[in-house]
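Each chain, written out:
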Amino acid sequence: MRQRILPFGDKPRLGTPMDPQQFDALRVLGLGVIFLLVVIAESIRPHALMQRPWQTNLGLWLVDTTLTRLVCGACGLVVAAWAVGAGFGALQLFDAPLWVALLISVVALDLVSCLWHWVNHHVPWLWRLHRVHHADRAFQVTTALRFHPGELLLSLPVRLSAIALIGIPVEGVLLFEIVFGAMNLVVHANFSMPEWLDRTASRVLVTPSMHRLHHAQSSTLVNRNFGTIFSVFDRGLGTIARLPAAAQFGTGVVDTDGDQQMSLLMALKSPFIPRVV
């Protein structure tokens, strides 16, 4: 019988759920620091001068956070603990040190996210929800918080199924949530990296300039660069695109009126209004 992945010496602690409050505290603290650093970077080296639609974007974030906690809470940790404790999932088929399991966890879940993102762009009723995110014409860090709650709730079964099938440990879920959340803030930054650094980093990682292209008003570019952490998945899918980091172009879907001033209520209703496509 094969031994399951053990993260801390010879004690099978992967089967024990992390305290949800501890998980939330670590995630909020880490992402809060990244958010502040990105805001500072946007102030020092902005890509474009713009106003942030704080009210709508932060309002959506509050609604999303409340609903997902009520519906799911720390369910990702619970599923991870169950999978490892039951010896369920691909990672339980072989012995691996914790650092390998963590690396696989981040890479695998980012691939799942990339593919789910692609699906959201190509299934019309899912796009109606996801387009709320793209309706922000002021591409900047708070855009990373702008998602319709329906989209996030629909993504939960996909994420939880991936955690179970892969057999991701509790620590892997925590690490992915922090890395993915941090990169989500960074790639939405209204910030221009030096061209040489952007070009070098984009060989492996998603950069703000790459994701800015994904938010372009061009119907062609909006279906490019689906990744959040790693750019290699878009290379494999043939959906990668890149322009110079300082390139200027319009962002946001073009069929909404006054996107920067869209109210929270309108953002919540828009997927269900027939005239909005």
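See the structure above.
What counts, and at which threshold
- Residues numbered from 1 in each chain as written.
- Predicted model: local features only at pLDDT ≥ 70, side-chain atom pairs only at ≥ 80, totals over all residues.
- Heavy atoms only, no water.
- Disulfide = S-S within 2.5 Å.
- Buried < 20%, exposed > 50% of the residue type's maximum accessible area, 1.4 Å probe, protein only.
- Helix = DSSP H or I, 4+ residues; strand = E, 2+ residues; numbered from the N terminus.
- Expected span 1.5 Å × (residues − 1).
- Bend = angle between axes of the 7 residues up to and from the residue.
- Contact = heavy atoms within 4.5 Å.
- 1 Å grid on protein atoms, 1.4 Å probe; cavity = no way out; pocket = protein on both sides within 12 Å on 5 of 7 lines; lining within 4 Å.
- Points joined across faces, edges and corners; volume = space filled by probe spheres on them.
- Nonpolar A, V, L, I, M, F, W, Y, C, P; charged D, E, K, R; others polar.

S.K.: Lay out the state of the cysteines in plain terms, naming residues and giving numbers.
M.R.: Counted by the stated rule, this structure contains 1 disulfide. Paired by a disulfide, C72 and C75 hold their sulfur atoms 1.5 Å apart. What sets the handedness of the C72 and C75 disulfide is the S-S torsion sign, and at about -65 degrees it is left-handed. By relative accessible area, C75 is classed as buried at 16%.

S.K.: Explain helix α6 (residues 149-166) to me, and be specific about the residues and the numbers.
M.R.: In this model α6 runs 26 Å from its N-terminal to its C-terminal C-alpha over 18 residues, within 8% of the 26 Å that 1.5 Å per residue would give. Along α6, the largest kink reaches about 30 degrees and is centred on S155; proline P157 follows within four residues of it. Buried residues of α6: P149, G150, E151, S155, L156, A162, I163, A164 and I166, and no others. Against the buried residues of α6 lie α2 (54-71), α3 (75-85), α4 (98-122), α5 (124-134), α7 (170-187) and α11 (264-269). Within two residues after α6, G167 carries a phi angle of roughly 75 degrees, on the positive side.

S.K.: Tell me what's going on with the layout of surface pockets, and back it up with residues and numbers.
M.R.: Here the largest pocket defines a volume of roughly 1,400 Å³. What lines the largest pocket is a set of 47 residues, and nearest its centre among them are R27, L152, E177, F180 and N184. When residues of the lining of the largest pocket are traced back to their parent elements, those giving at least two are α1 (20-44), α2, α3, α4, α5, α6 and α7. Broken down by element, the lining of the largest pocket gets its largest block of residues, 8 residues, from α6. Considering only residue class, the lining of the largest pocket consists of 25 nonpolar, 16 polar and 6 charged.

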